[in-house]
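Coordinate analysis (summary)
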Amino acid sequence: MSDLNGTAQSTTSDSGEFAALRDQFGRSIEYLRISVTDRCNFRCVYCMPETGMQWLPKADILSYEEITEVVRQLAPLGLRRLRITGGEPTIRPQIHELVRMLRAIPEITDIALSTNGVRLPAIAPLLREAGLDRVNMSVDSLRADRIATIARRDLGFDPVRSATAAHDAGLDPVKLNMVVMRGINDDEVEDLARLTLAHPWHVRFIELMPVGDLRSLTWSHVVPTDELLARLNAIAPLAPSEGPSRGNGPAAYYRWPSAAGTIGVITPMTHTYCASCNRVRLTADGRLRTCLFGDHEVDLRTALRAGEPLEPLFRQALANKPKEHELLQMRIGGLKALSQVGG
Ligand code: SAM
Ligand code: SF4
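What counts, and where the lines are drawn
- Residues numbered from 1 in each chain as written.
- Chains lettered and ligands numbered in written order.
- Predicted model: local features only at pLDDT ≥ 70, side-chain atom pairs only at ≥ 80, totals over all residues.
- Heavy atoms only, no water.
- Helix = DSSP H or I, 4+ residues; strand = E, 2+ residues; numbered from the N terminus.
- Buried < 20%, exposed > 50% of the residue type's maximum accessible area, 1.4 Å probe, protein only.
- Contact = heavy atoms within 4.5 Å.
- Areas by Shrake-Rupley, 256 points an atom, 1.4 Å probe, with all protein chains shown as cover.
- Near = heavy atom within 4 Å.
- Polar contact = N/O pair within 3.5 Å; in protein donor to acceptor, adjacent residues only side chain to side chain.
- Nonpolar A, V, L, I, M, F, W, Y, C, P; charged D, E, K, R; others polar.
- Pairing = 2+ DSSP bridges.
- Axes fitted to C-alpha atoms, helices over the stretch in contact; angles between N-to-C directions.
- pLDDT = per-residue confidence, 0-100.

In this section: the overall build of the protein chain. Secondary structure assignment for the protein chain yields 9 helices and 14 strands. Here the protein chain, with 343 residues, has 55% of them falling under the buried criterion. The long-range share in the protein chain, meaning contacts at least 24 apart out of those at least 6 apart in sequence, stands at 72%. Carbon and sulfur atoms provide 51% of the accessible area of the protein chain, an area that totals close to 14,300 Å².

Within the structure, ligand 1 sits among 19 residues, and Y46, G87, E88, S138 and M209 are positioned closest to it. Between ligand 1 and G87 there is a distance of 3.0 Å, counted from a nitrogen atom to a backbone nitrogen or oxygen. For ligand 1, a nitrogen atom lies 2.8 Å from a polar atom in the backbone of M209. Of all elements in the fold, only β5 (110-115), β7 (174-180) and β8 (202-207) reach the threshold of two or more residues within the shell around ligand 1. Considered class by class, the residues forming the shell around ligand 1 number 7 nonpolar, 10 polar and 2 charged.

On to the sheet that holds strand β6 (residues 134-138), then. Strands sit in the order β9-β10-β11-β8-β7-β6-β5-β4-β3-β12-β13-β14 across an open sheet of 12 strands; the sheet is mixed. Lying at the two open borders of the sheet, with one neighbouring strand each, are β9 (239-241) and β14 (297-299). Sheet twist, expressed as the average angle between the axes of neighbouring strands with direction ignored, equals 25 degrees. Note that strand β4 (residues 81-85) and β5 share 4 bridges and pair parallel. Considered in β5, the bridge of L82 is made with I111. On top of the sheet, helix α9 (residues 311-319) reaches β12 (279-282), β13 (287-289) and β14; it is set at about 160 degrees to β14, its chief contact.

Right, let's talk about the environment of S141 for a bit. Within the element layout of this structure, S141 appears in the loop between β6 and α4 (144-151). Sequence separation between S141 and V180 is 39 residues, and the spatial gap between their C-alpha atoms is 9.5 Å. At 2.9 Å, the side chain of S141 forms a polar contact with the backbone nitrogen of R143. Separated by 2.6 Å, the side chains of S141 and E188 make a polar contact.

This brings us to unusual backbone geometry. Residue P173 follows D172 across a cis peptide bond; omega there is 0 degrees. In this structure, P173 sits in the loop between α5 (159-169) and β7. Of note in the backbone geometry, R152 takes a positive phi value of approximately 55 degrees without being a glycine. Summarising the element assignment, R152 is placed in the loop between α4 and α5. Backbone geometry at S258 places phi at a positive 65 degrees, although glycine is not the residue there. Mapping S258 onto the fold places it in the loop between β10 (252-255) and β11 (262-266).

Another point: the site of ligand 2. Inspection of the region around ligand 2 gives 9 residues, with C40, C44, C47, G87 and N116 positioned closest. Residue classes in the shell around ligand 2 are distributed as 6 nonpolar, 3 polar and no charged.

Let us now look at the confidence of the model for the protein chain. The share of residues in the protein chain with pLDDT of 70 or more is 80%, and the mean pLDDT across the chain is 86. Contacts of residues 1-17 to residues separated by more than four positions or lying in other chains number 29 contacts, the stretch itself having pLDDT below 50. Within the model, the stretch residues 327-334 combines pLDDT values under 50 with 22 contacts to residues more than four positions away or in other chains.

Right, let's get into the pairing of β10. Working note: regular strand, side chains alternate between the two faces of the sheet. By the bridge criterion, 3 bridges tie β9 to β10 in an arrangement that is antiparallel. By the bridge assignment for β10, A239 is matched with R255. From the end of β10 to the start of β11, which pair antiparallel, there are 6 residues, and S258 there has a positive phi angle of about 65 degrees.

Written out as structure tokens, the structure is:
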């Protein structure tokens, strides 16, 4: 094993290929979240301020070819799984063509998409045909008026129609994510959970992270997961479940007896997942961030556009991956919104 600057380490196998690149805490990096845009057709209250966002200049945003090149260079170092996110990735033209380019990289075994779901009825079949495996969709309410209030946009979004379109296209698993906010949408937790009785979907409840420039949301809007699970258990006892066959990440899963789908909880506020964190993030303008929170990032775009190798920069980034995040100190490294780093 070679020691690189005394921190990030890699190994070379007998065949001469690079094995997993590991950070100084032994975590290997096999999962990359790729933000393809910082823009969005929604303005969710928990994610972005309604006004005042400074969008990246178009020239700064990585092309599909540039994103593919980053993944091609990371793949021999252990990268296996990708998530395309944003902002809203489906507002980038021909997003399925990016999926096709990434799918052609042999080491990549899993490609997922995070979306607000608005465009899924139109493009789910195209995405699947291009090689997308699975999808996560934000569903913060089932009520049209409330969706428009939370998203601060009325685009006629129908979550059940979009999830059905994803499922019918063959995307599997289909996960529906609700950011639970006390007094705003927490009265719909039971309705969302009941979707799993008839549909083979995975409904996941995310603890609100009151970070960034969210003037109207505070800790008082956070609903602890234990409280939420107690409410669902009162309807019928939940049994622990393995969850979906692929992409379990940091969620814990449960199931009601004979339900078609599962119920998951993601608890960034009351637990941290840092010890097992195997993910890094590529921002839309080509910075590699090794933690969602804090200022741990390296610019890849300059080297990429100069045709220089990226590996030294990957190593530099990994050497600085923090042991755990600084969320509880409420720092997100000067960002106004999680949409700027892909959530
Ligand atoms: N536009 C896509 C979507 O809505 O799924 C992808 C990007 S969005 C930034 C990624 C994830 O971040 C979504 O699941 C969203 O619910 C989550 N998210 C954004 N702000 C959050 C916050 N303050 N607390 C918890 N989750 C948040
Ligand atoms: Fe857009 Fe997703 Fe953020 Fe909502 S959560 S504003 S859909 S990026």
